[in-house]
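Listed below, chain by chain, are the residues.
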Amino acid sequence: MNSRILAAELPEQVGKRVTIAGWLQRRRELKSVTFLIVRDRSGLAQVVLPSPDPASPDPASPDPASPDPAGARPVTALPEETVIAVEGMVTANPQAPGGAEITDAAITSLSGPAKPPPFDLYRPAINATLPAILDHAPTTLRHPRLRAGFEIAAASVAGFRDALDGLGFTEVHTPKIVGSATESGATTFAIDYFGQPAYLAQSPQFYKQALVGVFERVYEVGPVFRAEPHDTARHLAQYTSLDAELGFITDHQDVMSVLRDTIAGMLAGVGERARSAVDLLGLALPEVPGQIPQIHFRDAQELIATGSGRDPRGEPDLCPADERWLCEWAVREHGSEFLFVTGYPMAKRPFYTHPDPALPGYSNGFDLLFRGLELVTGGQRLHRHADYLAALAARGEDPAPYSGYLQVFEHGMPPHGGFAIGLERWTARLTGAANIRQVTLFPRDLHRLSP
């Protein structure tokens, strides 16, 4: 048997005998001819067979590993989603996917006859509810439109890595079982670690800061865990965080500059590596301005109060409606789908956030808003040991649980800062998904622990 090639390679093999393998996506039987559509990781291939004569043998071969006599059933009876190999001649046909098809074919079943999927995977539209899709995700994600979001996510991560590698960052991998909470003990998953209390990491924050003292610039792609009892379309109990931290900065503006280049790199990665998925979903990728517009938190609240009919002044954070309004304003006034909001109140920032030296009560922290939603949180961190002790004391927290973290600041740390991007939220914004679970592989939330 010839070595396997992919469906997308067929146009280059016209006039040759080849072997492809994949899932039987669709079968159409006409009076004199049968069309099979075979799906592999690269796309679709059309196979043309003469419709079987009841008195003639079928071109399918039995599956020698199948305990079911149905493994030897004729190809015209193989159910959709059965895995098959096809050996035949590549023939040009402008009407076939890619402009080529396989004729004079022999079919071998490589799996037992497949059970029907929960909905027809060959149909362009998806006629299933989100719970049904998630309950059967190992199968339903085979649908090209459902798979496309994850191709975009993968390309985004590749672009994230490419951008930061080009800026001199080092990729790191930090523990996901930790001895103390990063943000707040109320939102951690507690576990028993060989008889000791431990937690699933809310972020790699402590470790990536420590590693600035080793590599100066670091990034990580990994899972984080939040035991927040949210049951919304934008929250998960586990998600993938794209983290970066860099040293020798002046303030948070340096971090924002690196973030801008990182976002541009992620979009370049999507455009280069997932173009077919972008086209399939009919997406318009945003442009990243050379300098993303920014507005201070106080000014944003004043703007919302005078322009939206809602007065958020005095509140320590922006609500979802405020974020949507500001994004619409940024598009109108600046032609940008991205907007930095800087200077959030210290009361709503973690204890390691550097305060704004010019505005007491406000921070050198920021959020990046995109298409109506907070996408990235970041800022400048404290870097002096005495400042950490003071910050914890001001919040009434005992520094003892943070001793492993705080020790690094006793040994000399440069001014530094960083940011974190939620991959699933980013992908949902790019694809227009109404619910973050649509672009999450096997999501974990208040109600879902399987599959």
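Residues numbered from 1 in each chain as written. Predicted model: local features only at pLDDT ≥ 70, side-chain atom pairs only at ≥ 80, totals over all residues. Heavy atoms only, no water.

Novice: Sorry if this is basic, but what is going on with the overall build of the chain here?
Specialist: Helix and strand content of the chain: 11 helices and 17 strands. If you line up the chain on its principal axes, its C-alpha atoms span 90 × 55 × 40 Å. Going through the 451 residues of the chain one by one, you find that 49% of them count as buried. Of the accessible surface of the chain, which amounts to about 20,800 Å², a share of 53% is contributed by carbon and sulfur atoms. In the chain, which carries 40 positive and 52 negative side-chain charges, the distance between the mean positions of the two groups comes to 5 Å. (Helix = DSSP H or I, 4+ residues; strand = E, 2+ residues; numbered from the N terminus. Buried < 20%, exposed > 50% of the residue type's maximum accessible area, 1.4 Å probe, protein only. Areas by Shrake-Rupley, 256 points an atom, 1.4 Å probe, with all protein chains shown as cover. Lys, Arg positive; Asp, Glu negative; His and termini not counted. Charge placed at Lys NZ, Arg CZ, Asp CG, Glu CD.)

Novice: When you look at the environment of Leu406 in this model, what are you seeing that I'm missing?
Specialist: Here Leu406 lies in helix 10 (residues 403-406). On the basis of relative accessibility, which here comes to 5%, the residue Leu406 falls in the buried class. If we skip the residues at most four places from it in the chain, Leu406 touches His385, Tyr388, Leu389, Leu392 and Pro399. (Contact = heavy atoms within 4.5 Å.)

Novice: Help me understand unusual backbone geometry in this model?
Specialist: The phi angle of most residues is negative, glycine excepted, and most peptide bonds adopt the trans form. Going from Ser450 to Pro451, the amide bond is cis rather than trans, its omega being 0 degrees. Non-glycine residue Phe194 carries a positive phi angle of around 50 degrees. Note that Phe194 resides in the loop between strand 9 (190-193) and strand 10 (196-200). We classify Phe194 as exposed; its relative accessible area is 74%. You will see that Phe248, though not glycine, has its phi angle at about 60 degrees, which is positive. Positionally, Phe248 belongs in the loop between strand 12 (238-247) and helix 5 (252-273).

Novice: Whenever I open this one, helix 9 (residues 385-394) confuses me. Can you help?
Specialist: A turn of α-helix holds 3.6 residues, and therefore any two residues three or four places apart point the same way. Among the residues of helix 9, those classed as buried are Tyr388, Ala391 and Leu392. Down the axis, helix 9 shows its buried residues gathered within 95 degrees of arc, on one side only. Along helix 9, exposed side chains directed more than 90 degrees from the buried face belong to Ala386, Ala393 and Ala394. Tucked inside the fold, the buried residues of helix 9 contact helix 4 (205-215) and helix 10. (Arc of directions from axis to C-beta.)

Novice: Explain the environment of Ser363 to me, please; I cannot follow it from the model alone.
Specialist: By the secondary structure assignment, Ser363 is in the loop between strand 14 (338-342) and strand 15 (365-370). Between the C-alpha atoms of Ser363 and Arg381, which are 18 residues apart in sequence, the distance is 9.7 Å. Apart from residues no more than four positions distant in its own chain, Ser363 is found in contact with Gly343, Tyr344, Met346, Arg349, Thr353, His354, Pro355 and Asp356. Within the structure, Ser363 has its side chain in polar contact with the backbone oxygen of Tyr344 (distance 2.7 Å). (Polar contact = N/O pair within 3.5 Å; in protein donor to acceptor, adjacent residues only side chain to side chain.)

Novice: Is there a simple way to think about the nonpolar core in this case?
Specialist: It is characteristic of soluble globular proteins that their nonpolar side chains tend to be buried jointly. Of all hydrophobic cores here, the largest spans 41 residues; its most connected members are Ile152, Phe160, Leu259, Ile263, Phe419, Ile421 and Trp426. By residue number, the principal contributor to this core is helix 5, which donates eight residues. With residues up to four places along the chain from it excluded, the contact list for Ile263 reads Val288, Phe338, Leu368, Ile421 and Trp426. (Core = buried A, V, L, I, M, F, W, Y, C linked by side-chain atoms within 4.5 Å.)

Novice: I would appreciate a short explanation of the sheet that holds strand 12 in the present structure.
Specialist: Sheets are built from strands paired through backbone hydrogen bonds, the pairs being either parallel or antiparallel. Reading across the sheet, the eight strands line up as 7-11-12-17-16-15-14-13 and stay open at both edges, with mixed pairing between neighbours. The sheet is open, and its two borders are formed by strand 7 (170-171) and strand 13 (294-296), each paired with just one other strand. Relative to strand 17 (residues 416-422), strand 12 is paired through seven bridges, and the arrangement is antiparallel. Across the sheet, Leu246 pairs through a bridge with Gly417, a residue of strand 17. Here helix 3 (residues 144-166) sits on the sheet in contact with strand 7, strand 11 (217-225), strand 12 and strand 17, set at roughly 155 degrees to strand 11. Strands in contact with helix 11 (residues 423-431) are strand 12, strand 15, strand 16 (373-380) and strand 17; relative to strand 17, the strand with the most contacts, it is inclined by about 55 degrees. (Pairing = 2+ DSSP bridges. Axes fitted to C-alpha atoms, helices over the stretch in contact; angles between N-to-C directions.)

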